[in-house]
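# Notes for the structure review
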Amino acid sequence: MNHPKPTYLDLYTWGTPNGRKISILLEELDLPYRYHSIDITKGEQSLPSFKKLNPNGKIPALEDHETGQTLMESGAIMLYLASKTGNLLGEAGSVAYWAQVQWLMLQVGGIGPMLGQLHHFAKFNPGKSEYAETRYKSEANRLYELLNDRLKDHEYLAETYSVADISTWPWIARFDYQGMDLNDYPALKKWYLSIASRPAVQRGDVVPTEAEIPLPAR
Ligand SMILES: N[C@@H](CCC(=O)N[C@@H](CS)C(=O)NCC(=O)O)C(=O)O
């Protein structure tokens, strides 16, 4: 008789790119977890109960009752979950591992912050700062070009599908917010659509908030 896997993971998140990364990863890793909604539009990320989990007051956060580990920062959570299972991340210290970590770090340190600011200025507050809109749009153009160049001769950001792809994909899924046309970046578009077709990605994407995966017009 099959016994259900025990559930010892609690995920606290919301339907933003940083929030969706973790539910997608948990689905890819086939790890059972409980989902807790932290509605950042209502300020729930600043409640003392949540700040006990993430003193920085931002989603996502994770609790692992098996080990007693509590974690903030999506990149750290991804490394933790992939290391725990030995999946979607190379063996610690290997060439594959560092290749994946470098693309993951580019996402958490560059792609997320730059595209996130573009959402703030160009999508939600247009006309407030021409300088900021120009600055973040040019960073978006540059980063899309970088990813497209990399993916011209690589199926994935590192050699195999990994945490690096999972952390970057939900940011590219906001191409519309960013005023970007994926048709201008054919290799990135191919990568985006291939990841969008993965059942675990489709399951994980709708965990925080129901929404259709955005698809480019043609
Ligand atoms: N570096 C953090 C960024 C987390 C982050 O910016 N979360 C946003 C949503 S995508 C948030 O909670 N925003 C609410 C706020 O800033 O108050 C991570 O990767 O986990």
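Predicted model, so just to flag it, every value in this text is computed and none were measured.

Before going further, it helps to spend a moment on the side chain of Gln100. Looking at the element boundaries, Gln100 is found in helix α4 (residues 95–124). What makes Gln100 buried here is its relative accessible area of 3%. Here Gly90 takes part through its backbone nitrogen, which lies 2.6 Å from a polar atom of the side chain of Gln100. What Gln100 contacts, discounting residues up to four positions off in sequence, is Leu88, Leu89, Gly90, Ala158, Thr160, Ser162 and Ala164.

On to the packing of aromatic side chains. The final tally for this structure, using the stated rule, is seven aromatic pairs. Considering the side-chain rings of Tyr144 and Tyr185, the 5.3 Å spacing of their centres and the 65° angle between planes classify their relative orientation as edge-to-face. Here Tyr144, found in helix α5 (residues 130–152), pairs with Tyr185, found in the loop between α6 (163–172) and α7 (186–196); they are 41 residues apart in sequence, far enough to count as distant. For Tyr144, a relative accessible area of 1% gives the class buried. Overall, the relative accessible area of 8% leaves Tyr185 in the buried class. Judged by centre distance (6.0 Å) and plane angle (85°), the ring pair of Phe175 and Tyr192 falls under edge-to-face.

What the rule picks out here adds up to ten salt bridges. We note a salt bridge from Arg203 to Glu27, for which the minimum N-O separation is 2.9 Å. On the criterion of sequence distance, the pair formed by Arg203 in helix α8 (residues 199–205) and Glu27 in helix α1 (residues 17–29) is long-range, its members being 176 residues apart. Since its relative accessible area comes to 41%, Arg203 is described here as partly exposed. The closest approach of N and O atoms between Lys152 and Asp149, which form a salt bridge, is 2.9 Å. In this pair, Lys152 and Asp149 are both assigned in helix α5, three residues apart and thus about one turn of the helix distant. The class for Lys152 is exposed, based on a relative accessible area of 56%. Of the residues examined, Asp149 reaches a relative accessible area of 39% and is grouped as partly exposed. Through salt bridges with shared partners, one network takes in Asp64, Glu66 and Lys84.

Each value, and the rule that gives it
Residues numbered from 1 in each chain as written. Predicted model: local features only at pLDDT ≥ 70, side-chain atom pairs only at ≥ 80, totals over all residues. Heavy atoms only, no water. Helix = DSSP H or I, 4+ residues; strand = E, 2+ residues; numbered from the N terminus. Buried < 20%, exposed > 50% of the residue type's maximum accessible area, 1.4 Å probe, protein only. Polar contact = N/O pair within 3.5 Å; in protein donor to acceptor, adjacent residues only side chain to side chain. Contact = heavy atoms within 4.5 Å. Phe/Tyr/Trp six-rings, centres within 6.5 Å; stacked < 30°, edge-to-face > 60°. Salt bridge = Lys/Arg side-chain N within 4 Å of Asp/Glu carboxyl O.

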